Amino acid sequence: MKTISRFFLLAGFAFSMGLCSCTDYQDEVDGLDKRVTVLENLVNRTNQNIKGVSQLLAAAEEGWVITGIVEVPAKDDPDGVGYRTITLGKIDPATGKLSTKPEDKKVITITNGKKGDDATEPNLEVRKGEDGVYYWFIDGKPLIGPDGKQVPANGKDGKDGKSTAPLLNIQDGFWVISYDSGETWEPLLDKDGNKISATGENGKDAKTLIEDATIKVDTEGNRYVIFTFYDGTTVTLPLK
């Protein structure tokens, strides 16, 4: 499903104003185009973050190690958001060193939050359950999938490795969610069971899923990266 159909939105607007001067309404058309672009970028960034966090948590379970982190602040980001690029690798058991195989390398990018002047992001969080599994939360409430169970944040269902990382989109001004790679969609609800608006309050700060990434060294000289999520939940990966 396409996020927003810019052509039909703009064409419909222009048709409705067909009896008026195009010059008079150029500002309105430009403003609508900007609005559509903002929503498209917001959806792309949110889904990128969901995928990135899912990959990071799965990497922690599968024995991947951090090989580098590049942090780009908002002031140096052309989009004005800021992001972290995390590179990972696997250790070759035969040599005890980083593997050089292409399949043993990956890159994850997770963006920061941004002021919601034109749109607001849903308050997604990652929390560790009592069973030791990381789950998605929305407005502090567990995100429940179509099977009636909490949605794991590691992108796997724990049985056959099938990805369960949700996708988000915007329909008719509200956030919707898919648990089957975009085949079907349903409203994303807040903790009170209400649909979540994609417009929201101007200037509201969006939450960033990862608040901090700190490098620690243990008494034996081993280095680790501790990622801290919004609610204080942490996940640790070795740093090589």
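Just so it is clear, the structure is predicted and the values come from calculations on it, not from any experiment.

1. Description of the sheet that holds strand E11 (residues 174-178)
Ordered by their spatial adjacency, 3 strands build an open sheet running E10-E11-E12, and the pairing between neighbours is antiparallel. Bordering the open sheet on either side are strand E10 (167-171) and strand E12 (186-187), each of which pairs with just one other strand. The pairing of E10 with E11 spans 5 bridges and is classified as antiparallel. Note on E11: the bridge partner recorded for Leu167 is Ser178.

2. Focus: unusual backbone geometry
Even without being glycine, Asp172 reaches a positive phi, approximately 55°. Checked against the element boundaries, Asp172 lands in the loop between E10 and E11. Of note in this structure, Ser181 is not a glycine but carries a positive phi near 60°. Its place among the elements puts Ser181 in the loop between E11 and E12.

3. Quick notes on the pairing of E11
Most of E11 is tucked away: 4 of the 5 residues are buried. Count of turn residues in the E10/E11 antiparallel hairpin: 2 residues, of which Asp172 carries a positive phi of about 55°.

4. So, the nonpolar core
Among the nonpolar cores identified, the biggest contains 39 residues, and Trp136, Trp175 and Phe227 are the most heavily contacted of them. With 8 residues, the top contributor of residues to this core is helix H2 (residues 26-61). Sequence-distant contacts of Phe227, that is, excluding residues within four places in its chain, are made with Leu56, Ile66, Ile69, Ile86, Ile210, Asp212, Ala213, Thr233, Thr234, Val235 and Leu237.

Each value, and the rule that gives it
Residues numbered from 1 in each chain as written. Predicted model: local features only at pLDDT ≥ 70, side-chain atom pairs only at ≥ 80, totals over all residues. Heavy atoms only, no water. Pairing = 2+ DSSP bridges. Helix = DSSP H or I, 4+ residues; strand = E, 2+ residues; numbered from the N terminus. Buried < 20%, exposed > 50% of the residue type's maximum accessible area, 1.4 Å probe, protein only. Core = buried A, V, L, I, M, F, W, Y, C linked by side-chain atoms within 4.5 Å. Contact = heavy atoms within 4.5 Å.

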